[in-house]
Amino acid sequence: MTQQQILDEYKHDLLGVFGDPSLVLVEGSGNIVTDANGKQYLDLLAGIAVSSLGHAHPRWVQAVQQQAAKLAHISNFFTSPTQVRLASTLIEKLSPVQDARVFFCNSGAEANEAAYKLARRHGNLSSPQRTTILALEHGFHGRTTGALALTHKPAYREPFEPLPTGIKHIPATLEALEAHCDETVAALIVEPIQGEAGVLPLPPGYLARARELTRANGALLIVDEVQTGMGRTGLWFECTRELSAENLPDVITLAKGLGAGFPVGAMIVVGQNPAALFQPGMHGTTFGGNPLATATALATVETIDEEHLLSNAEKVGAYIRERVGSLPEVDETTGRGLLIGIRLTHEKTRSGLPLAPTVVERARHHGFIINATGPSVVRLAPALNISIVEVENFCRQFPAIVSEADNC
Ligand SMILES: *Cc1c(COP(=O)(O)O)cnc(C)c1O
């Protein structure tokens, strides 16, 4: 089948929730992916911050193959060595001193859905007044109904109302936090850097103050690290940049990069009280934490350690920011490590098309896979093992790509 035939069949057979895909990809190796016509691309998106080791990393492939050949799925009536080892590894990465527990699931939405239920349970056990969950304007937490209710964007939420109620979206400012965090609040959920909103970091000091205020008011602090976590920003958990081991969030959610391409999510609950909110039977999943998923995630974590990918993310990210941030076409760069937002100076091309999506299209033409989060923001989220040599070509061509797009 040709690329065009596959795209035509897609339109016919797939539910159109994602719009029309632009390419049919058939193969990947390292940071290069190949389409059905044999054209190659440098992958600067990694499946939206997921494929942290690049494509077909030998260690990852070996983990999948060996575990698949040994034992793939067993249900949560049973456990496996890899499940227990992955949980203890994540807890150790988060903090060697804190008591924490892990719930495994299959996606970011599911991890946040679990956190949402935990927050409701906390509110219900605490007092009849504790019925509000605070979430942030421009926040994104997933598409299942609980996670969707926490998500801000009206275009995502409104077609599916009524959704769970009792959620208040507040601006991501210290003033709004001070004004709304009181004893009616069961939980506050935030992303350390809002990924889907255009790689927008929280104001400095926000997380530290959020920790103080939620604690003082008896509310849970939930940090959604689905996009920022697992090394993407140069730390295992971005929230630890501001929160010390004694001041960790009550709940951290993970997914995207956790399995480096294998679907796996997790909710980490810190401390004994929040962990006791769920009693046996109160929550569950069939697939979550199975041997295949956890073996793959464990190999991912080990590879990130062995190949020093946290420092690589920091180094290559800083390089891209420096190269791209100084261009006249660029207003500013945002994010940390290899979660990069490039804000262009304007929103529209000469003929009035949205600029950033046009840049994405032109970049694809030149052999680069990147993404736009809005009319003026380009997002890069490449594999954590990408090198300066690999990104250099993109940095060099980026100005020409933007001006080509501008002329569209
Ligand atoms: C992607 C994302 C989600 C949703 O994850 P899915 O695996 O698509 O359900 C939730 N929160 C954040 C911050 C995300 O970036």
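Just so it is clear, the structure is predicted and the values come from calculations on it, not from any experiment.

Topic: the overall build of the protein
Scanning the protein from terminus to terminus reveals 14 helices and 17 strands. Its C-alpha atoms give the protein a radius of gyration of 21 Å, near enough to 22 Å, the size a compact globule of 408 residues would have. Taken over the C-alpha atoms alone, the protein extends approximately 60 × 55 × 45 Å along its principal axes. Of all 408 residues assigned to the protein, the portion counted as buried reaches 52%. For the protein, long-range pairs separated by at least 24 residues make up 71% of all intrachain contacts whose partners lie at least 6 apart in sequence. Side-chain charges in the protein split into 32 positive and 42 negative, and the spacing between the mean points of these groups amounts to 2 Å.

What to know about the domain arrangement of the protein
Structurally, the protein comprises domain 1 (3-57 + 308-406) and domain 2 (62-306). Computed from C-alpha coordinates alone, the two centres of domain 1 and domain 2 are separated by 26 Å. At the junction of the two partners, domain 1 supplies 28 residues and domain 2 supplies 28 residues. When the two sides are added together, the surface that domain 1 and domain 2 hide from each other amounts to roughly 2200 Å², 59% of it contributed by carbon and sulfur. It is Leu-310, Arg-336 and Leu-339 that lose the most area in domain 1 upon contact with domain 2, and together they represent 27% of the buried surface on that side.

Overview of the side chain of Glu-191
Position of Glu-191 among the secondary structure elements: in the loop between β7 (185-190) and β8 (193-194). For the buried residue Glu-191, which engages in no salt bridge, the nearest side chain bearing the opposite charge is Lys-256, 7.5 Å off. A distance of 2.8 Å separates a polar side-chain atom of Glu-191 from the backbone nitrogen of Phe-140. Setting aside chain neighbours within four positions, we find Glu-191 in contact with His-138, Gly-139, Phe-140, His-141, Leu-202 and Asp-224.

Section: the sheet that holds strand β1 (residues 25-29)
Read across the sheet, four strands follow the order β1-β2-β3-β15 without closing on themselves; strand pairing throughout is mixed. The sheet is open, and its two edges are formed by β1 and β15 (368-369), each paired on a single side. Both β1 and strand β2 (residues 32-35) contribute to a ladder of four bridges, which runs antiparallel. Within β2, the position partnered with Leu-25 by the bridge is Asp-35.

Description of the pattern of salt bridges
Inspection of every chain in the model, using the stated rule, returns 17 salt bridges. Measuring nitrogen to oxygen at the nearest pair gives 2.7 Å for the salt bridge that ties Arg-379 to Glu-196. Residue Arg-379 is found in strand β17 (residues 377-380), and its partner Glu-196 is found in the loop between β8 and β9 (200-201); the two are separated by 183 residues along the sequence. Residue Arg-336 is joined to Glu-314 by a salt bridge in which the shortest nitrogen-to-oxygen separation is 3.5 Å. Here Arg-336, found in strand β13 (residues 330-336), pairs with Glu-314, found in helix α12 (residues 309-325); they are 22 residues apart in sequence, far enough to count as distant. A residue is classified by how much of its surface remains accessible, and Arg-336, at 33% relative accessible area, is partly exposed. Judged by its relative accessible area of 31%, Glu-314 is partly exposed.

Observations regarding the site of the ligand
As a matter of local geometry, the ligand sits amid Ser-107, Gly-108, Ala-109, Asn-112, Phe-140, His-141, Gly-142, Glu-191, Asp-224, Val-226, Gln-227 and Lys-256. A distance of 2.7 Å is found between an oxygen atom of the ligand and a backbone nitrogen or oxygen belonging to Ala-109. Protein contact buries 81% of the 380 Å² of open area that the ligand shows by itself. Per-element accounting of the shell around the ligand gives the leading share, three residues, to helix α5 (residues 108-126). Of the residues assigned to the shell around the ligand, the class counts are three nonpolar, six polar and three charged.

So, the environment of Arg-362
Relative to the elements of secondary structure, Arg-362 occurs in helix α13 (residues 355-365). We classify Arg-362 as buried; its relative accessible area is 15%. Distance in space between the C-alpha atoms of Arg-362 and Val-84 is 46 Å, their sequence separation being 278 residues. If sequence neighbours within four positions are ignored, Arg-362 has contacts with Ile-401, Glu-404, Ala-405 and Cys-408.

What about the pairing of strand β3 (residues 40-43)?
As paired elements, β2 and β3 share three bridges and run antiparallel to each other. Among the inter-strand pairings, Ile-32 is bridged to a residue of β3, identified as Leu-42. Adjacent in sequence and paired antiparallel, β2 and β3 are bridged by four residues, among which Gly-38 carries a positive phi angle near 90 degrees. As paired elements, β3 and β15 share two bridges and run parallel to each other.

A look at the sheet that holds strand β4 (residues 100-105)
Strands sit in the order β4-β12-β11-β10-β7-β5-β6 across an open sheet of seven strands; the sheet is mixed. Of all strands in the sheet, those with a lone pairing partner are β4 and β6 (167-170), marking the two edges. Ignoring strand direction, the axes of neighbouring strands in this sheet form an average angle of 20 degrees. Across four bridges, strand β5 (residues 132-136) lies against β7 in parallel orientation. Following the sheet pairing, Ile-133 is matched in β7 by Ala-187. Seen against the sheet, helix α4 (residues 81-94) touches β4, β11 (251-254) and β12 (265-270) and runs at an angle of roughly 130 degrees to β4. Docked against the sheet, helix α9 (residues 206-216) engages β5, β6, β7 and β10 (220-224), running at close to 150 degrees with respect to β10.

Each value, and the rule that gives it
- Residues numbered from 1 in each chain as written.
- Predicted model: local features only at pLDDT ≥ 70, side-chain atom pairs only at ≥ 80, totals over all residues.
- Heavy atoms only, no water.
- Helix = DSSP H or I, 4+ residues; strand = E, 2+ residues; numbered from the N terminus.
- Rg over C-alpha atoms; globule rule 2.2 N^0.38 Å.
- Buried < 20%, exposed > 50% of the residue type's maximum accessible area, 1.4 Å probe, protein only.
- Contact = heavy atoms within 4.5 Å.
- Lys, Arg positive; Asp, Glu negative; His and termini not counted.
- Charge placed at Lys NZ, Arg CZ, Asp CG, Glu CD.
- Domains from an automatic or database assignment.
- Buried area = accessible area lost by both parts, 1.4 Å probe.
- Salt bridge = Lys/Arg side-chain N within 4 Å of Asp/Glu carboxyl O.
- Polar contact = N/O pair within 3.5 Å; in protein donor to acceptor, adjacent residues only side chain to side chain.
- Pairing = 2+ DSSP bridges.
- Near = heavy atom within 4 Å.
- Areas by Shrake-Rupley, 256 points an atom, 1.4 Å probe, with all protein chains shown as cover.
- Nonpolar A, V, L, I, M, F, W, Y, C, P; charged D, E, K, R; others polar.
- Axes fitted to C-alpha atoms, helices over the stretch in contact; angles between N-to-C directions.

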